[in-house]
Amino acid sequence: MLIGVVGKANVGKSTFFKAATLAPAEIGPYPFVTIKPNRAVAYVKVKCPCKEFNLKCNPRNSPCIDGYRFVPFELLDVAGLIPGAHEGLGLGNQFLDDLRQADALIHVLDAAGATDEKGNPVAPGTRDPKEDVLFLKEEFDFWLQNILIKNFRTKHNQPISLNDVAEKLSGLKIKKEHIVQAEKETGLNLKDIRNWTDDQFLEFAIALRVKSKPMVIAANKCDIQIARENVFRLRKEFPTEIIIPTCSECELVLREAAEKKLIKYIPGDSHFEIIGNLNEKQKQALDFVQKTLKILGNTGVQQVLNEVVLRLLNYIVVYPVEDENKLTDGEGNVLPDAFLLPSGSTALDLAYKIHTDIGENFIGAIDCRTKRKIGKETKLKNGDIIKILVRR
Ligand SMILES: Nc1nc2c(ncn2[C@@H]2O[C@H](COP(=O)(O)OP(=O)(O)OP(=O)(O)O)[C@@H](O)[C@H]2O)c(=O)[nH]1
Ligand SMILES: [Mg+2]
């Protein structure tokens, strides 16, 4: 699974990305710091079954901190967009191609309105972040419209089928059902696609974007008071959007301090504990974070990651093991791995996720909580611990 981090230039996308992944990413107080995309592993935070079973786990792919399991997925940070990008302003919008494989998007918004439409720093409150909510979608839609026109406004006149369209768009993670739904909603008929007007292509692009690239808004810079006031207003103006207040800078301070063993902090928590010797600069930074946490509850970064993967995309976390009683792998590691799977996935899907060989030799599975055998069509539930049975 791949989640894209998008937004206007200079709003804190790379700060969000770095805070979520601790991967190197350049950050700077001016637009277009990022040009080439940054890709690294981020995590959703869930309760680890080790607590429930009173076991000490030996995680391999997914760290467990104090009973919370951090399950990996990929995050992609791209260059910033500005209004008019589709007409070539800023870096244009061609770099959105980097997001083709994204399953969903995190829109990082400068909720404080402290950057103008081109991403230059201005006094907080100068820019209305509402404009940024609107323009970002527009730029994305123009980009998709362009791809549709390039692919389907062709001269030859062989009929174009749903399968042809689905095949051409599969590289954008647009599925057949997204296309069918978009056709229904817009009332447009794929049979006439070659003759659609620009506006009709745009209408179709919007419907496809809504289905295939769902979005959560990270209302960033909420350490600034006006940002928090704006969030209140934005939630009223955009009641169907998921808007989560964030302070990416605070999360980055906390994650880096925890990495250096200066503090104890579990991502997403509302508190941290100082365990190392701080210099004056570190003390000041953590004082500031402390004050912000008091107001916001938490930095919002982990909340955004969980929201997009578990709620918006509806993924579940599943733990494969080889011993259904000890919950270990073949080497005795307790609950070694945790995988994210789309909701509706079966034990057979899990088998293939572990290894093609295991998928091909699948003969059944055991639900380790109930100790019952389950078949290849049984849908897995969030938190399931599963032993896969294979043909020998
Ligand atoms: N006050 C405040 N500033 C932040 C926050 N997050 C990021 N910033 C600042 O915003 C500026 C831009 O940060 P970046 O992460 O480089 O922004 P970006 O969106 O990746 O920028 P481009 O790559 O240039 O598009 C930097 O000065 C950050 O320190 C935050 O939560 N609060
Ligand atoms: Mg950046």
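Asks: Looking at this structure, how should I read the sheet that holds strand 13 (residues 372–374)?
Replies: Where strands meet in a sheet, backbone hydrogen bonds hold them as pairs that are either parallel or antiparallel. What the five strands build is an open sheet, ordered 11-10-14-12-13; its pairing is mixed. Edge positions in the sheet fall to strand 11 (339–342) and strand 13, since each has one partner strand and no second. Taking each pair of neighbouring strands and ignoring which way they run, the sheet shows an average axis angle of 45°. Here strand 12 (residues 362–367) runs beside strand 13; their pairing, made up of three bridges, is antiparallel. Its bridge partner lying in strand 13, Ala365 is registered against Ile374. Contacting strand 10 (315–321), strand 11, strand 12, strand 13 and strand 14 (385–390), helix 11 (residues 347–354) crosses the sheet at an angle of about 135° to strand 11.

Asks: Help me out: how do you make sense of the state of the cysteines in this one?
Replies: Disulfides are covalent bonds that link the sulfur atoms of two cysteine residues. Within this structure, the stated rule accounts for one disulfide. Disulfide pairing places Cys247 opposite Cys250 at an S-S distance of 2.5 Å. Measuring handedness by torsion sign, the sulfur bridge of Cys247 and Cys250 sits at about 70° and is right-handed. Each member of the pair, Cys247 together with Cys250, is buried. A disulfide-free cysteine, Cys222 has its sulfur positioned 8.3 Å from the sulfur of Cys247, the nearest such atom. A residue is classified by how much of its surface remains accessible, and Cys222, at 0% relative accessible area, is buried. Of the cysteine sulfurs around Cys368, a residue in no disulfide, the closest is that of Cys48, at 14 Å.

Asks: Would you explain the site of ligand 1 in this entry?
Replies: Around ligand 1 sit 24 residues in total, of which Lys13, Thr15, Phe32, Val33 and Glu249 are the nearest. Between ligand 1 and Ser14 there is a distance of 2.9 Å, counted from an oxygen atom to a backbone nitrogen or oxygen. In the model, an oxygen atom of ligand 1 is placed 3.4 Å from a nitrogen or oxygen of the Tyr30 main chain. Bound to the protein, ligand 1 loses 91% of the 650 Å² it would expose on its own. Of all the secondary-structure elements, those providing two or more residues to the shell around ligand 1 are helix 1 (13–21) and helix 8 (248–259).

Asks: Explain the coordination of the magnesium ion (ligand 2) here, please?
Replies: In ideal tetrahedral geometry, four donors around a metal make angles of 109.5 degrees, whereas ideal octahedral geometry with six donors gives angles of 90 or 180 degrees. For the magnesium ion (ligand 2), the protein coordination sphere consists of Ser14 (OG) and Thr34 (OG1), at 2.0 to 2.1 Å. A residue pair is termed long-range when its members are at least 10 positions apart, and Ser14 in helix 1 and Thr34 in the loop between helix 1 and strand 2 (38–47) qualify at 20 residues. For the residue pair Ser14 and Thr34, the accessibility class agrees, reading buried in each case.

Asks: Would you explain the packing of helix 8 against helix 9 (residues 280–296) in this entry?
Replies: Two packed helices can be described by the angle between their axes and the distance between those axes. One way to put it is that helix 8 packs onto helix 9 with a least axis distance of 10 Å and a crossing angle of 125°. Taken together, the axis directions place helix 8 and helix 9 in an arrangement best described as oblique. Judged by the twist between their axes, the crossing of helix 8 over helix 9 is left-handed. Residues Cys250, Val253 and Leu254 of helix 8 form the contact with helix 9, whose own contacting residues are Ala285, Leu286, Phe288, Val289, Thr292 and Leu293.

Conventions and cut-offs
- Residues numbered from 1 in each chain as written.
- Chains lettered and ligands numbered in written order.
- Predicted model: local features only at pLDDT ≥ 70, side-chain atom pairs only at ≥ 80, totals over all residues.
- Heavy atoms only, no water.
- Pairing = 2+ DSSP bridges.
- Helix = DSSP H or I, 4+ residues; strand = E, 2+ residues; numbered from the N terminus.
- Axes fitted to C-alpha atoms, helices over the stretch in contact; angles between N-to-C directions.
- Contact = heavy atoms within 4.5 Å.
- Disulfide = S-S within 2.5 Å.
- Buried < 20%, exposed > 50% of the residue type's maximum accessible area, 1.4 Å probe, protein only.
- Near = heavy atom within 4 Å.
- Polar contact = N/O pair within 3.5 Å; in protein donor to acceptor, adjacent residues only side chain to side chain.
- Areas by Shrake-Rupley, 256 points an atom, 1.4 Å probe, with all protein chains shown as cover.
- Donors = N, O, S within 2.8 Å, 3.2 Å for Na, K, Ca; no water.
- Parallel < 35°, antiparallel > 145°, perpendicular 65-115°, else oblique.
- Left-handed = near helix turned anticlockwise from the far one by under 90°.

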